[in-house]
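# Observations on chain architecture
So the chains spell out like this:
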Amino acid sequence: MTDSSTPTGPADHPFPAGDSTERISADRVMPAPPAEVFAVLCDPHGHVAMDSSGMLQSSAGDPVGAAGDRFIVHMDREALGDVPLGKYDVEVEITRFEPDAAIEWTIHGTIKPPIGHVYGYLLDPVSTEDDSPATRVTSYCDWSSAAEKWKPVFPVIDQKSLRASLGVLERAVRRGYPRPE
């Protein structure tokens, strides 16, 4: 479930407030404008920096700028201790790109055809008492379009991990994060 009972964004978001049996989400208000949060979400190294699962080890590729853009993430599933996949690479493909408002992606990895799930973030500017910039950031995983044989494994990352990633994302927005030279 989300952290509040009110909708988390505009009506054109991909799903209404709340969760279902095939989707989880979490949200957090961050003291930053949407553009600053979005910049981290577009950067492959930002994905590694905000990962709370420990699976994302490093990345290769340029920041994304449109739906269809792709980058590589070097993974280590042993961090979860659930499936003995070891180290492997996935290709992240951006499926939704709305500057400073929404970004979503699917994964192309060792499983063929791809599983069909998506991860994403919705960004909504919010008002603060002192008029400083702030953004409600909603993180979600949706496996409603995943192949039926894979649905029982979801969610791979639970809601607590989504929430933890939001905290790490806020830290990355405020303090920066490592980028290879």
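Positions within a chain are numbered from 1, following the residues in the order the chain's sequence is written. Under the rules for a predicted model, residues below a pLDDT of 70 receive no local features and side-chain atom pairs below 80 are neither given nor counted, while totals for whole chains, interfaces and linings still include all residues. Values reported for side chains reflect all heavy atoms of the structure, with hydrogen atoms and water molecules removed beforehand.

### What about the overall build of the chain?
Helix numbering and strand numbering both begin at the N terminus, where a helix is a DSSP run of H or I of at least 4 residues and a strand a DSSP run of E of at least 2. Looking only at helices and strands, the chain features three helices and seven strands. Of the regular secondary structure in the chain, the N- to C-terminal order runs β-α-α-β-β-β-β-β-β-α. Here the term buried applies to any residue with accessible area under 20% of the maximum for its type, exposed to any over 50%, and partly exposed to those in between, with areas from a 1.4 Å probe on protein chains only. A buried classification covers 46% of the 181 residues belonging to the chain. Throughout, a residue-residue contact means that at least one pair of heavy atoms, one from each residue, lies within 4.5 Å. Considering only intrachain contacts with a sequence separation of at least 6, the fraction spanning at least 24 residues in the chain is 52%. A total of about 9,100 Å² of accessible surface is found on the chain, and carbon and sulfur atoms cover 53% of it. Reported accessibility uses the Shrake-Rupley method at a 1.4 Å probe radius. Residues are deemed covered only where the shown protein chains occlude them.

### Focus: the sheet that holds strand β2 (residues 56–60)
Here, any two strands with at least 2 DSSP bridges between them count as paired. Spatially, seven strands are ordered β1-β7-β6-β5-β4-β3-β2 in an open sheet, and the strand pairing comes out antiparallel. For this open sheet the edge positions go to β1 (23–30) and β2, each flanked by a neighbour on one side alone. Shown here is a sheet whose adjacent strand axes are inclined to one another by a mean of 25 degrees, direction ignored. Two elements, strand β5 (residues 102–108) and strand β6 (residues 118–125), share five bridges in a ladder whose sense is antiparallel. Counted as the bridge partner of W105 is Y119 from β6. Packed on one face of the sheet, helix α3 (residues 159–175) meets β1, β6 and β7 (135–142) and runs near 25 degrees to β1. A fitted line through C-alpha atoms represents every axis, and for helices the fit uses only the stretch in contact; the resulting angles, taken between N-to-C directions, go from 0 to 180 degrees.

### Brief notes about unusual backbone geometry
Cis geometry is adopted by the peptide bond preceding P113, which originates at K112 and carries an omega value of -10 degrees. Omega for the bond connecting F154 with P155 falls within 30 degrees of zero, at -5 degrees, which places this linkage in the cis form. Along the chain, P155 turns up in the loop between β7 and α3. A positive phi is found at D131, a non-glycine position, where the angle reads about 65 degrees. Inspection of the secondary structure puts D131 in the loop between β6 and β7.

### Points about the packing of aromatic side chains
Within 6.5 Å between ring centres, the rings of Phe, Tyr and Trp (the latter by its six-membered ring) count as paired, and their orientation is classed by plane angle as stacked under 30 degrees, edge-to-face over 60, tilted in between. For the coordinates displayed, the defined rule picks out four aromatic pairs. Geometrically, the ring pair formed by W143 and F154 is stacked, given 5.5 Å between the ring centres and 10 degrees between the ring planes. One end of the pair, W143, is in the loop between β7 and α3; the other, F154, is in the loop between β7 and α3, with 11 residues separating them in the sequence. Judged by relative accessible area, which is 10%, F154 ranks as buried. What links up through ring pairs into an aromatic cluster is the set W105, Y119 and Y121. Any Lys NZ or Arg CZ found within 6 Å of a ring centre and within 35 degrees of that ring's normal is scored as a charge over the ring. Taking the ring centre of Y177 as reference, the NZ or CZ of R179 above it sits at 4.0 Å.

### Observations regarding the side chain of E104
Looking at the secondary structure, you find E104 in strand β5. All tallies of charge rest on Lys and Arg as positive and Asp and Glu as negative; His and the ends of each chain are not included. Should a side-chain nitrogen of Lys or Arg be within 4 Å of a carboxyl oxygen of Asp or Glu, the pair is scored as a salt bridge. Despite being buried, E104 has no salt bridge partner; R96 is the closest side chain of opposite charge, sitting 5.3 Å away. Distance and chemistry together define a polar contact, namely a pair of N or O atoms within 3.5 Å, with one atom able to donate a hydrogen and the other to accept it when in protein, and with adjacent residues in sequence counting only for side-chain atoms on both sides. A polar contact of 2.6 Å, which involves the side chain of E104, links it to the side chain of Y140.

### Regarding the side chain of S139
The topology assignment puts S139 in strand β7. On the basis of relative accessible area, S139 is assigned to the buried category, the value being 2%.

### Some words on the pattern of salt bridges
Counted by the stated rule, this structure contains nine salt bridges. A salt bridge links E170 to R174, with the shortest nitrogen-to-oxygen separation between them at 3.6 Å. Of the two residues, E170 and R174 both sit in helix α3, four residues apart, roughly one turn of that helix. Taking relative accessible area as the criterion, R174 reaches 53% and is therefore assigned exposed.

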